[in-house]
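Here's the letter readout for the chains.
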Amino acid sequence: MAVHIGLVLYPDLTQLDLSGPFEVFSRMPGAEVHLVWKSLEPVRADTGLQLLPTTRMADCPQFDVICVPGGPGQIDLMEDATLLDFLLSQAREAKFVTSVCTGSLILGAAGLLEGYKASTYWACTDLLQKYGAIYEPGRVVKDRNRITGGGVTAGIDFALTVVAELAGEQVAKMIQLSIEYNPAPPFSCGHPDVADPHIVEAMRALMSDRLEARQLQAATKSQNKAEAAD
């Protein structure tokens, strides 16, 4: 039987959050990978690459795996009722509910990470608790049927992990070999744990507006949750 995998598209996502997992999932025997959005019109990623949805939310099948990528466009979707309701509906029957990068914040906004360990983009790890999640360091974090990847390139590690769960470790290893995924970066600066502090601060400065918007959203969510509990 086919394994249906749904990757959510949206404007201003980071395309590698999606295209990395797509490359891996599409090589899994029996996989049918769907690119899902509200319409079938081309979707522009944050760097300008045009991506074409293959199915609308209203028309898609029940997915075995639902995955939400991240990117700056995530900020505009945190209160998007259509998307959040879609994720809640899919999560009820999906074998795995997953994300890459700041896609985990969208899962959190839908209430799908409450009480779960999760990962996200390095600059947003402190926000997960505002959505009831428990941050755990790692390129890939699995807690029951929730699997979350860290930032951007971690999407490949994430997808190989999901394939191993669905089809076995040997299949995942063969896919890794087929795409020659054997990373040896030219610089040791891919995470704040290893990057020079001045590089980290320079990146935080470049992203300051985006990070402030996410902080405000998370604080509002946390406050609303506390008021509802009272």
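Computed from a prediction, not measured in an experiment: that's the story for all the values here. (Residues numbered from 1 in each chain as written. Predicted model: local features only at pLDDT ≥ 70, side-chain atom pairs only at ≥ 80, totals over all residues. Heavy atoms only, no water.)

Caption draft 1: Up close: the packing of helix α1 (residues 15-25) against helix α4 (residues 154-167). Where α1 meets α4, the closest approach of the two axes is 8 Å, and the angle between their N-to-C directions is 30°. Taken together, the axes of α1 and α4 lie roughly parallel to each other. The interaxial crossing formed by α1 with α4 has right-handed handedness. Here α1 contributes G20, P21, V24 and F25 to the contact with α4, which in turn contributes G155, I156, F158, A159, L160, V162 and V163. (Axes fitted to C-alpha atoms, helices over the stretch in contact; angles between N-to-C directions. Helix = DSSP H or I, 4+ residues; strand = E, 2+ residues; numbered from the N terminus. Parallel < 35°, antiparallel > 145°, perpendicular 65-115°, else oblique. Left-handed = near helix turned anticlockwise from the far one by under 90°. Contact = heavy atoms within 4.5 Å.)

Caption draft 2: View of the pairing of strand β11 (residues 146-149). Alternating positions in β11 separate into two faces, R146 and T148 on one and I147 and G149 on the other, with burial throughout. Relative to β11, strand β7 (residues 96-100) runs parallel, the two being bridged by 4 bridges. Paired with V100 across the two strands is G149, which belongs to β11. Where strand β10 (residues 140-143) folds back on β11, the antiparallel hairpin that results is connected by 2 residues, among which R144 adopts a positive phi of roughly 55°. (Buried < 20%, exposed > 50% of the residue type's maximum accessible area, 1.4 Å probe, protein only. Pairing = 2+ DSSP bridges.)

Caption draft 3: Representation of the pattern of salt bridges. Under the defined criterion, the tally for this structure stands at 8 salt bridges. With its nearest N and O atoms 2.8 Å apart, the salt bridge here joins E23 to R27. The class of E23 is partly exposed, set by a relative accessible area of 35%. Under the relative-accessibility criterion, R27 is labelled partly exposed at 39%. Two residues, K38 and D80, come together in a salt bridge whose shortest N-O distance is 2.6 Å. One end of the pair, K38, is in the loop between β2 (31-37) and β3 (43-44); the other, D80, is in the loop between β6 (65-68) and α2 (81-91), with 42 residues separating them in the sequence. On the accessibility criterion, K38 (34% relative accessible area) is partly exposed. D80 sits in the buried class, given a relative accessible area of 14%. (Salt bridge = Lys/Arg side-chain N within 4 Å of Asp/Glu carboxyl O.)

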